[in-house]
Amino acid sequence: MFNIVIFGPPGAGKGTQSKFIVENYNLLHLSTGDVLRTEVESGSQLGIEIAQLIDKGNFVPDEMIQRMVKAFILRNKDVGGFIFDGFPRTTEQAKWLGSTLAEIDEELTIFLLLDVEEEELKKRILKRGEYSGREDDKDPAIIENRIGVYHDKTKPVIDYYIAQNKFHEVSGVGSPETVFVNVAQELEKLKK
Ligand code: AMP
């Protein structure tokens, strides 16, 4: 399997680049945010509880996310690989992912950071908020909170993968097509 973590702060373009990767490589995309939003849209009690967290930009408990990711992995063991988008978001989740992939004799192939500076992120998220329908894309204070949570809890994941020699980085600035040229270059290095 070729397993990718596409990583970066909110608004870095992880979802957009994942779509390009899916179109060009035979991999399955898992966006934990998308799965959570689908649960919210279902109107279930669980969805109501999830909305209370994600609408403010706070994390959903690890246990819930891990159950979701594990079910997805086990359901799709026969694919060419996974693109994890929005996961892992904490070092705990990263460690857990390693051991869960090991259970099916797999490992992460590449951790790819999309690098975008903070002012650009805020602009992009507010723009997305005009059509995404996401409560967490609309309010500047909530966007600030999401970026703050990224710095406090999620950024340390980078060090974890540097130590594992899996860390790669590309600039996430420019048109989606331009960024994908850089993304593909990094992926091709590991395909050989
Ligand atoms: P995203 O679509 O990746 O921006 O995720 C939207 C929201 O879903 C986040 O702000 C969190 O509230 C929640 N979420 C998504 N992935 C995770 C995760 N791996 N751990 C905890 N919460 C998550």
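Rules of the game
Residues numbered from 1 in each chain as written. Predicted model: local features only at pLDDT ≥ 70, side-chain atom pairs only at ≥ 80, totals over all residues. Heavy atoms only, no water. Helix = DSSP H or I, 4+ residues; strand = E, 2+ residues; numbered from the N terminus. Polar contact = N/O pair within 3.5 Å; in protein donor to acceptor, adjacent residues only side chain to side chain. Contact = heavy atoms within 4.5 Å. Near = heavy atom within 4 Å. Areas by Shrake-Rupley, 256 points an atom, 1.4 Å probe, with all protein chains shown as cover. Nonpolar A, V, L, I, M, F, W, Y, C, P; charged D, E, K, R; others polar.

*Asks:* Which residues make up the side chain of Thr154, and what values go with them?
*Replies:* Assignment of secondary structure puts Thr154 in helix H7 (residues 140-154). From its side chain, Thr154 meets the backbone oxygen of Arg89 in a polar contact 2.8 Å long. Those residues in contact with Thr154, other than ones at most four positions away along the chain, are Phe7, Phe59, Arg89 and Val149.

*Asks:* So what's going on with the site of the ligand? Residues and values would help.
*Replies:* Around the ligand sit 15 residues in total, of which Thr32, Arg37, Asn58, Gly86 and Arg89 are the nearest. A distance of 2.9 Å separates an oxygen atom of the ligand from a polar side-chain atom of Arg37. With respect to the ligand, the backbone of Asn58 contributes an N or O atom lying 2.6 Å from an oxygen atom. Here the ligand has 480 Å² of accessible area as a free molecule, and 96% of this is covered by the chains. Top element by residues in the shell around the ligand is helix H2 (residues 32-41). It accounts for 4 residues. When the residues that make up the shell around the ligand are grouped by side-chain class, the tally is 6 nonpolar, 5 polar and 4 charged.

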